[in-house]
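Now for the letters of each chain:
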Amino acid sequence: MSGMSAQVVLLDYGAGNLRSAQRALEHVGAQVSVTSDAEEATQADGLVVPGVGAFSYCMEGLNSIYGPRIIGQRLAGGRPVLGICVGHQVLFERGLEHGVDTPGCGQWPGTVEKLHSPVLPHVGWNTVETPAGSAMFEGIGAEERFYFVHSFGVRTWEFEGDDLTEAPAVTWAEYGGDRFVAAVENGPLWATQFHPEKSGEAGLRLLYNWVQQL
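Residues numbered from 1 in each chain as written. Predicted model: local features only at pLDDT ≥ 70, side-chain atom pairs only at ≥ 80, totals over all residues. Heavy atoms only, no water.

## Concerning helix α1 (residues 19-27)
Note on helix geometry: an α-helix contains 3.6 residues per turn, so any two residues three or four positions apart are oriented the same way. We apply this condition: Three exposure classes are used, based on accessible area relative to the maximum for each residue type with a 1.4 Å probe and protein chains only: buried under 20%, partly exposed in between, and exposed over 50%. Secondary structure elements are defined from DSSP: runs of H or I of at least 4 residues count as helices, runs of E of at least 2 residues count as strands, and each element is numbered from the N terminus. Residue contacts are defined here by distance: any two heavy atoms, one from each residue, within 4.5 Å place the two residues in contact.
All buried positions along α1 are accounted for by S20, A21, Q22, A24 and L25. Tucked into the core, α1 has its buried residues touching β1 (7-11), β2 (31-35), β3 (46-49) and α6 (200-212). G29 sits one or two positions beyond α1 and adopts a positive phi of about 105°.

## A closer look at the pattern of salt bridges
Applicable threshold: Here, a salt bridge means any side-chain nitrogen of Lys or Arg that lies within 4 Å of a carboxyl oxygen of Asp or Glu.
Evaluated as defined, the whole model comprises four salt bridges. We note a salt bridge from R94 to D101, for which the minimum N-O separation is 2.7 Å. Assessed through its relative accessible area of 30%, R94 is described here as partly exposed. A relative accessible area of 43% means that D101 is categorised as partly exposed. R179 is the partner of E129 in a salt bridge, and the nearest nitrogen-oxygen pair spans 2.8 Å. One end of the pair, E129, is in the loop between β8 (122-127) and β9 (145-150); the other, R179, is in strand β12 (residues 178-186), and 50 residues separate them in sequence. Classification of R179 by relative accessible area gives partly exposed; the value is 34%. Through salt bridges that share partners, E113, R155 and D178 make up one connected network.

## Let's talk about the UniProt feature "active site" (unreviewed entry) in the chain
Rules: UniProt positions are given in the numbering used here, feature names are shortened, and annotations may be inferred rather than shown by experiment. Every definition here rests on a 1 Å grid over the protein atoms only: cavities are sets of points where a 1.4 Å probe fits but cannot get out, pockets are open sets enclosed by protein on both sides within 12 Å along at least five of seven lines, and lining residues have some atom within 4 Å of a point.
Residues annotated in UniProt with the feature "active site" (unreviewed entry) correspond here to C85, H195 and E197. The named residues occupy 113 residues along the chain; their greatest pairwise C-alpha distance, 10.8 Å, places them in one compact cluster. Narrowing the list just given to those that line the largest pocket leaves C85 and H195. By secondary structure assignment, the location of C85 is in the loop between β4 (81-84) and α5 (86-89). C85 gets classed as buried once you look at its relative accessible area, which sits at 3%. Apart from residues lying up to four places away in sequence, C85 is in contact with G51, V149, T192, Q193, F194 and H195. Positionally, E197 belongs in the loop between β13 (189-192) and α6. Those residues in contact with E197 that lie beyond four places of it in its chain are S20, A21, A24, I84 and L207.

## Section: the UniProt feature "domain: Glutamine amidotransferase" (unreviewed entry) in the chain
The UniProt record annotates "domain: Glutamine amidotransferase" (unreviewed entry) at residues 9-210. Split by type, residues 9-210 is 25% helix and 34% strand. Its first and last C-alpha atoms lie 13 Å apart.

Set out below in structure tokens:
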């Protein structure tokens, strides 16, 4: 894509403040459109799935615009997707919140559940434990902090890859004595529990790393 900036769609399904993500992506060189149009979302160089609030609410919004199908079609064609916050959580099999068991997009096995931490929500800056050779965290120091706002997360990782697929690279974080998945790199599918668009220079570098490989 020499000389052209990557076309990124920020998926608008009624769940999330999209402006800060749009500004951050534009800052690192992407051309961003905010839309719920399935064809545009499927064809763009990159798709960002944001999300704030309850898992069930986000899945309802995603299902209303055929979001799981859009994500699945993109990944089948090797086209990059980035999930952020609840947009990261909905990529897993299911979410358990307040007694409600909601099916997710099912890209990865695993359950989004309440963190076992004495004080919730987890709000603020936290370090993360990144895997060796991470493309997502390239150029980001080990002591950098990222901004989190959540009470739920994936506390056990259940997918190790198989003969055909490389095991995803999983980044962890710890809060209040509980460990949870902070980010995942799985071929064209990347996701972060934290908000890179609200994480200062480190977050911008992560978004830059994503945009560069589109």
